[in-house]
Amino acid sequence: MKKSVLAFTVLAASFSAVSTVQAKSCPVDVQHEVRIAGEQVSIYESGQPKLLIDENNNVFINGKQLDLNTMQQNALDAYTQSVKDNLPKMADLAKDGVGVANDVLDEVSADFDSKESFAKVQSLIDDYAAKANDKFYPDGEFVMPENLFDEMDTSWKGEFEQALKHVSLESASAMFAALSAEMKEGDLSFSELQTKFSDLKARLEERIRSRSGEMAVKANDLCDSMKGLAQEEQEVQKVIPELKDYQVFEI
């Protein structure tokens, strides 16, 4: 049915807009896993905690505390705060991506006055959102994996594309069901239905362009923040050389 194919294309386009940001590359290599638990920052190597910065910004390497002077402490404090402020924004960007898909789905279902028909689609989106969140908060604390951006460009992108396929197929089915109900009720003629789809397509495409544009800006800003963190890390390593063995960022 041509009408359901058009709806499928519009909804799929919204998820594609999300995917361009979800898997956006950033020229920063993540050398070690970083975890943030409350006010504590830990750096892991081969799955083992090696460096800990506690809530008072004391530094422990393999359990042994470093004796820092005032200049070193000030440099560390500033860098640690930047880490805690910026790294969790990775998870926030993923949430924004799911938000785009939810917004588009809401518009589609509201236009057809049939949210029930899209319940399974919503469930699939919620499932993807949960999996995306678990990547950054697997045990309730924030985790930035080693080789993060490489993972985004490869395995994470593949997972998203698979989720997109499932959501798109289910969306087409739901749209077909909603349209069939309207046609059986005789509320719209075929030409009126075509016009409705054309208006819906234009409105949703504009919505997608606007939201995906916002996300692209956020993604670029986040990448710039990662570059800034890499530079800050280099500076703090100059005053605290012991941190060089546990470098996180590399441009």
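Residues numbered from 1 in each chain as written. Predicted model: local features only at pLDDT ≥ 70, side-chain atom pairs only at ≥ 80, totals over all residues. Heavy atoms only, no water.

Chemist: Run through helix H4 (residues 119-136), naming residues and quoting values.
Modeler: With 18 residues, H4 extends 26 Å from end C-alpha to end C-alpha; this agrees with the ideal 26 Å at 1.5 Å per step. When H4 is considered as a whole, its buried residues turn out to be Val121, Ile125, Tyr128, Ala132 and Phe136. For H4, the arc enclosing every buried residue in end-on projection is 85°, short of the 170-degree limit, so these residues lie on one face. Among the exposed residues of H4, those pointing more than 90 degrees away from its buried face are Lys120 and Lys131. (Helix = DSSP H or I, 4+ residues; strand = E, 2+ residues; numbered from the N terminus. Expected span 1.5 Å × (residues − 1). Buried < 20%, exposed > 50% of the residue type's maximum accessible area, 1.4 Å probe, protein only. Arc of directions from axis to C-beta.)

Chemist: Describe the side chain of glutamate 233, listing the residues and the values that go with them.
Modeler: Following the sequence through the fold, glutamate 233 ends up in helix H6 (residues 190-239). Here glutamate 233 sits buried without a salt bridge, and the closest side chain of opposite charge, lysine 244, lies 12 Å off (N-O distance). Once you skip the residues sitting within four places of it in the chain, glutamate 233 turns out to touch Tyr79, Tyr246, Gln247, Val248 and Phe249. (Lys, Arg positive; Asp, Glu negative; His and termini not counted. Salt bridge = Lys/Arg side-chain N within 4 Å of Asp/Glu carboxyl O. Contact = heavy atoms within 4.5 Å.)

Chemist: Mind laying out the pattern of salt bridges, listing which residues take part and the relevant values?
Modeler: Taken as a whole, this structure holds five salt bridges when the rule is applied. Here glutamate 235 and lysine 238 are joined by a salt bridge, their closest N and O atoms 3.3 Å apart. Here lysine 238 and glutamate 235 lie together in helix H6, a separation of three residues that amounts to about one turn. Overall, lysine 238 belongs to the exposed group, its relative accessible area being 59%. Among the charged side chains, a salt-bridge network with shared partners connects Glu33, Arg35 and Glu141.

Chemist: Hey, could you go over the environment of lysine 218 for me, with residue numbers and the actual values?
Modeler: Among the structural elements, lysine 218 can be located in helix H6. Not counting residues within four places of it along the chain, the set of residues in contact with lysine 218 comprises Leu93 and Asp96.

Chemist: Can you break down the side chain of asparagine 57 residue by residue, with the values?
Modeler: By the secondary structure assignment, asparagine 57 is in the loop between strand E4 (48-53) and strand E5 (59-61). For asparagine 57, a relative accessible area of 13% puts it in the buried group. Only 2.9 Å separates the side chain of asparagine 57 from the side chain of aspartate 77, close enough to count as a polar contact. (Polar contact = N/O pair within 3.5 Å; in protein donor to acceptor, adjacent residues only side chain to side chain.)

Chemist: Outline the packing of aromatic side chains, listing residues and values.
Modeler: Under the counting rule described, the total for this entry stands at two aromatic pairs. Between the aromatic rings of phenylalanine 136 and phenylalanine 142, the centroid separation amounts to 6.0 Å while the plane-to-plane angle is 5°, which identifies the pairing as stacked. In this structure, phenylalanine 136 and phenylalanine 142 share a single accessibility class: buried. Ring geometry for tyrosine 137 versus phenylalanine 142: centroids 5.7 Å apart, planes at 70°, classification edge-to-face. Three or more aromatic residues link up through ring pairs in this structure, and these residues are Phe136, Tyr137 and Phe142. (Phe/Tyr/Trp six-rings, centres within 6.5 Å; stacked < 30°, edge-to-face > 60°.)

Chemist: Give a description of the environment of aspartate 106 that names residues and reports values.
Modeler: Structurally, aspartate 106 is set in helix H3 (residues 89-111). Spatially, the C-alpha atom of aspartate 106 lies 9.2 Å from that of phenylalanine 118, the residues being twelve residues apart in sequence.

Chemist: Summarise helix H2 (residues 70-86); cite the residues concerned and give the values.
Modeler: Over its 17 residues, H2 runs 24 Å from end to end, which matches the ideal 24 Å to within 8%, given 1.5 Å per residue. Taken as a whole, H2 has its buried residues at Gln72, Leu76, Tyr79, Thr80, Ser82, Val83, Lys84 and Asn86.

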